[in-house]
Amino acid sequence: MSLDTILASVASMTAICSALMVIWQRNAVISALFLVLNLGSVAILFLTLGGEFLAAVQVIVYAGAIMVLFLFVIMLLNPAPLKERFASGPVVTGLTFALGVLFVASLMRGVMSLAGAGGAMASVGERYGSTRSVGELLFTAYLYPFELAGVLLLVAMVGAVVLARRQAPGED
Amino acid sequence: MPLVSYISLSAVLFTIGVMGVLLKRNALTIFMSIELMLNAVNVALAAFARHHGGLDGQIFVFFVMAVAAAEAAVGLAIFIAIFRLKKTTDVTEINLMRW
């Protein structure tokens, strides 16, 4: 087994376990910290797929910015940890998990047909997934979507400020 | 790792995210489950990009991250507004749209 495969397997296991812990925990802060672990292991998976730029963006934007925003809001609201782990009783929860297993099984059927069609990875050059090659593509073929993403972020920022703003007295 | 393992991992992570949205009652944890689902899709996109040897899939992941950032900012702002009104993040108690 190559180092790449070992790294990817360990990262996959960590990703699945931390994802399960996210939905198992009662305390939102602990859930958020496990989500950070999950995002970190997905960044390692991106690295094994040759996406060094993506891995860096994943750590900086997701695990850095978005999760800090999450933790900040959790601390700001400071909700008391809920007594119940899940919204429904054990029967409904068990049924939902059973449905989830069925869902994974049906997805796996499609994935396995993919394996029959030849699931080998293409051989790629040294520059695959580097900041330079991704950037070149982003500023040529995907220039308009890129600009639109900038507008979307601006709209979201203004929207978030307006939504979270405290209503001034006398203003309706 | 072959393509099939990455796609299987993506399917499992996505399903865990769906379970979280369906089962949790804390609005913030539901939101984190949505992030889990977005991430699962990102893994699949990057794996297929590597499979085909092109970079377009990675560009898609980049855009998904941008949308996720926008969605997280607006969603958390909505939670702050709701919390100010109802003093709870329990989704079973938030029924403002029901009369």
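Residues numbered from 1 in each chain as written. Chains lettered and ligands numbered in written order. Predicted model: local features only at pLDDT ≥ 70, side-chain atom pairs only at ≥ 80, totals over all residues.

Colleague: Can you walk me through the overall build of chain B in this structure?
Modeller: Looking only at helices and strands, one finds three helices and zero strands in chain B. A globule of 99 residues ought to have a C-alpha radius of gyration of about 13 Å, yet chain B, at 17 Å, is considerably larger. The principal-axis extents of the C-alpha atoms in chain B amount to approximately 50 × 25 × 20 Å. Expressed as a percentage of the 99 residues in chain B, the buried residues total 57%. In chain B, of all internal contacts separated by at least 6 residues, the share reaching a separation of at least 24 is 45%. (Helix = DSSP H or I, 4+ residues; strand = E, 2+ residues; numbered from the N terminus. Rg over C-alpha atoms; globule rule 2.2 N^0.38 Å. Buried ≥ 20, exposed ≤ 12 C-beta atoms within 10 Å, placed from the backbone. Contact = placed C-beta atoms within 7 Å.)

Colleague: I would appreciate a short explanation of the interface of chain A and chain B in the present structure.
Modeller: Buried accessible area, meaning the area lost when the parts come together, often serves as the stated size of an interface. Counting residues at the interface gives 70 residues for chain A and 61 residues for chain B. Counting residues per element, the ones that place at least two in the side of chain A that touches chain B are helix H1 (3-24), helix H2 (28-48), helix H3 (52-77), helix H4 (90-116), helix H5 (131-138) and helix H6 (143-164) of chain A. For the side of chain A that touches chain B, the class distribution of residues is 54 nonpolar, 15 polar and one charged. (Nonpolar A, V, L, I, M, F, W, Y, C, P; charged D, E, K, R; others polar.)

Colleague: For this particular structure, what's the right way to read helix H2 (residues 27-52) of chain B?
Modeller: Along its 26 residues, H2(B) runs 38 Å from first to last C-alpha, staying within 8% of the 38 Å computed at 1.5 Å per residue. Across the 26 residues of H2(B), 20 count as buried, placing the element largely inside the fold. (Expected span 1.5 Å × (residues − 1).)

Colleague: Looking at this structure, I do not really get the confidence of the model for chain B. What am I missing?
Modeller: Low-pLDDT portions of the prediction should not be read for the details of their coordinates. Chain-level pLDDT for chain B is 89 on average; 99% of the residues reach the 70-or-more range. Interface scoring of the predicted complex returns ipTM 0.91; its pTM is 0.90. (pLDDT = per-residue confidence, 0-100.)

Colleague: Whenever I open this one, the nonpolar core confuses me. Can you help?
Modeller: When a protein is soluble and globular, its nonpolar side chains tend to lie buried together. Judged by nonpolar contacts, the single largest core of 69 residues is most densely connected at A:Phe46, A:Leu54, B:Leu13, B:Met32, B:Val43, B:Ala46 and B:Ala47. Among the elements of the structure, H1, H2, H3, H5 and H6 of chain A together with helix H1 (3-23), H2 and helix H3 (56-86) of chain B are those that each provide at least two residues to this core. Every residue in contact with B:Met32, bar those within four places of it in the chain, is listed here: A:Val22, A:Ser31, A:Ala32, A:Leu35 and A:Phe70. (Core = buried A, V, L, I, M, F, W, Y, C linked by C-beta atoms within 7 Å.)

Colleague: Where do I start with the environment of B:Glu71 in this structure?
Modeller: Residues and elements named next belong to chain B. Tracing the chain through its elements places Glu-71 in helix H3. A tally of 17 C-beta atoms within 10 Å means that Glu-71 is categorised as partly exposed. When the C-alpha atoms of Glu-71 and Met-37 are compared, they prove to be 13 Å apart, with 34 residues separating the residues in sequence.

Colleague: How do you make sense of the environment of A:Gln58 when you look at a structure like this?
Modeller: All names here are of chain A. Here Gln-58 lies in helix H3. What makes Gln-58 buried here is the crowd of 26 C-beta atoms within 10 Å. Ignoring sequence-local partners within four residues, the contact set of Gln-58 consists of Leu-39, Val-42, Ala-43, Phe-46 and Ala-63.

Colleague: Just checking my understanding: could you explain unusual backbone geometry for this structure?
Modeller: Trans is the prevailing form of peptide bonds, just as negative phi is the prevailing case for residues other than glycine. Residues and elements named next belong to chain B. Of note, Lys-87 is a non-glycine position whose phi angle comes to about 55 degrees, a positive value. Note on placement: Lys-87 falls in the segment after H3. Judged by C-beta crowding, with 10 C-beta atoms within 10 Å, Lys-87 ranks as exposed.

Colleague: Help me out: how do you make sense of the packing of H1(B) against H2(B) in this one?
Modeller: What describes two packed helices is the angle between their axes and the distance between those same axes. Residues and elements named next belong to chain B. Following both chains from N to C, one finds H1 and H2 inclined at 165 degrees, their axes separated by 8 Å at the closest point. On the basis of their axis angle, the class for H1 and H2 is roughly antiparallel. As H1 packs across H2, the resulting crossing turns out to be left-handed. Considered class by class, the residues forming the contact of H1 with H2 number 18 nonpolar, seven polar and no charged. (Axes fitted to C-alpha atoms, helices over the stretch in contact; angles between N-to-C directions. Parallel < 35°, antiparallel > 145°, perpendicular 65-115°, else oblique. Left-handed = near helix turned anticlockwise from the far one by under 90°.)

Colleague: Where do I start with the packing of H1(A) against H2(B) in this structure?
Modeller: Their axes nearest at 9 Å, the elements H1(A) and H2(B) cross at an angle of 160 degrees. Our classification of the angle between H1(A) and H2(B) gives roughly antiparallel. As for how H1(A) packs across H2(B), the hand of that crossing is left-handed. Two secondary-structure elements touch here, H1(A) through A:Ala19, A:Val22 and A:Ile23 and H2(B) through B:Thr29, B:Met32, B:Ser33 and B:Leu36. Looking at side-chain class alone, the contact of H1(A) with H2(B) contains five nonpolar, two polar and no charged residues.

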